[in-house]
Amino acid sequence: QLQLVESGGGLVQAGGSMRLSCAFSGRTFRGYTMGWFRQAPGKKREFVAAWTWTNTTIYSDSVPSVKGRFTISGGNARNTMILQMNSLTPEDSAVYYCAASTAVTAETPAAYMYWGQGTQVIVAS
């Protein structure tokens, strides 16, 4: 069983930056694809980015300008993953979830079997 805990959400002004962290424990992350999803009120949960233990990164093609504004990476601390978000807009406001999948590449929520509780990001205009 893999446990995931997100942190770093909060309120930020439009144009600002925010850094989300995902700490995972319970078993080694080797073999897992670690992903970030987000869900705004009344909307479906959508894929943002993913990072594999081999340091491969995948970014959403459907979320506007994720590639170029957001960066996913492993954290300095072992068993952590970071989502650095820059140039935030109110459309980025959502609950952001960290998740883990055993698929090599995984961009749909159904492919992920472990989820964190989420961290709220609010971008004020």
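Residues numbered from 1 in each chain as written. Predicted model: local features only at pLDDT ≥ 70, side-chain atom pairs only at ≥ 80, totals over all residues. Heavy atoms only, no water.

Colleague: Whenever I open this one, the overall build of the protein confuses me. Can you help?
Modeller: In terms of helices and strands, the protein carries 1 helix and 11 strands. Ordered by position in the sequence, the α and β elements of the protein form the string β-β-β-β-β-β-α-β-β-β-β-β. The C-alpha atoms of the protein give 13 Å as radius of gyration, which agrees with the globular expectation for 125 residues (14 Å, within 12%). On the principal axes, the C-alpha backbone points of the protein span a range of 40 × 25 × 25 Å. When burial is assessed residue by residue, the protein has 44% of its 125 residues classed as buried. Within the structure as shown, the protein displays about 6300 Å² of accessible surface, and the carbon and sulfur contribution to it stands at 50%. (Helix = DSSP H or I, 4+ residues; strand = E, 2+ residues; numbered from the N terminus. Rg over C-alpha atoms; globule rule 2.2 N^0.38 Å. Buried < 20%, exposed > 50% of the residue type's maximum accessible area, 1.4 Å probe, protein only. Areas by Shrake-Rupley, 256 points an atom, 1.4 Å probe, with all protein chains shown as cover.)

Colleague: When you look at the state of the cysteines in this model, what are you seeing that I'm missing?
Modeller: By definition, a disulfide is the covalent link that joins the sulfur atoms of two cysteine residues. Summed over all chains, the structure comprises 1 disulfide. Here Cys22 pairs with Cys98 through a disulfide, and the sulfurs are 1.9 Å apart. Classification of the bridge connecting Cys22 and Cys98 rests on its S-S torsion, roughly -70°, and on that basis the disulfide is left-handed. Here the residue Cys22 occupies a position in strand 3 (residues 18-25), and Cys98 occupies one in strand 9 (residues 94-101), the gap between them amounting to 76 residues. (Disulfide = S-S within 2.5 Å.)

Colleague: How should the pairing of strand 8 (residues 80-85) be read in this particular structure?
Modeller: On a regular strand, each side chain points to the face opposite its neighbour's, so the side chains alternate between the two faces of the sheet. Among the 6 residues that make up strand 8, 5 are buried, leaving the element largely enclosed by the rest of the structure. As paired strands, strand 3 and strand 8 are joined by 6 bridges and run antiparallel to one another. Residue pairing across strands places Ser21 opposite Ile82, the latter belonging to strand 8. Hairpin connection from strand 7 (residues 70-74) to strand 8: 5 residues lie between these consecutive antiparallel strands, with Asn79 at a positive phi of about 65°. (Pairing = 2+ DSSP bridges.)

Colleague: I'm lost on the packing of aromatic side chains in this one. Help?
Modeller: We describe a pair of aromatic rings using the distance from one ring centre to the other and the angle between the two ring planes. This model, assessed by the stated rule, comprises 6 aromatic pairs. Between Phe37 and Phe47, the ring centres sit 5.6 Å apart and the planes meet at 70°, which makes this aromatic pair edge-to-face. With Phe37 in strand 4 (residues 33-39) and Phe47 in strand 5 (residues 46-52), this pair connects stretches of sequence that are 10 residues apart. Here Phe37 falls in the buried class, since its relative accessible area comes to 0%. A connected cluster of aromatic rings, assembled from ring pairs, spans Phe37, Phe47, Tyr97, Tyr112 and Trp115. Taking the ring centre of Tyr97 as reference, the NZ or CZ of Arg45 above it sits at 3.8 Å. (Phe/Tyr/Trp six-rings, centres within 6.5 Å; stacked < 30°, edge-to-face > 60°. Lys NZ or Arg CZ within 6 Å of the ring centre and 35° of its normal.)

Colleague: I tried to follow the pattern of salt bridges on my own but got confused; where do I start?
Modeller: Any two side chains of opposite charge can pair, so long as their charged atoms come close to each other. For the structure shown, the criterion picks out 3 salt bridges. Among the ionic pairs, Arg69 bridges to Asp92, the shortest N-O distance being 2.7 Å. Residue Arg69 is found in helix 1 (residues 66-69), and its partner Asp92 is found in the loop between strand 8 and strand 9; the two are separated by 23 residues along the sequence. Asp92 matches Arg69 in its accessibility class, with the two residues each being buried. Each member of the salt-bridge network shares a partner with another, and the members are Arg38, Glu46, Arg69 and Asp92. (Salt bridge = Lys/Arg side-chain N within 4 Å of Asp/Glu carboxyl O.)

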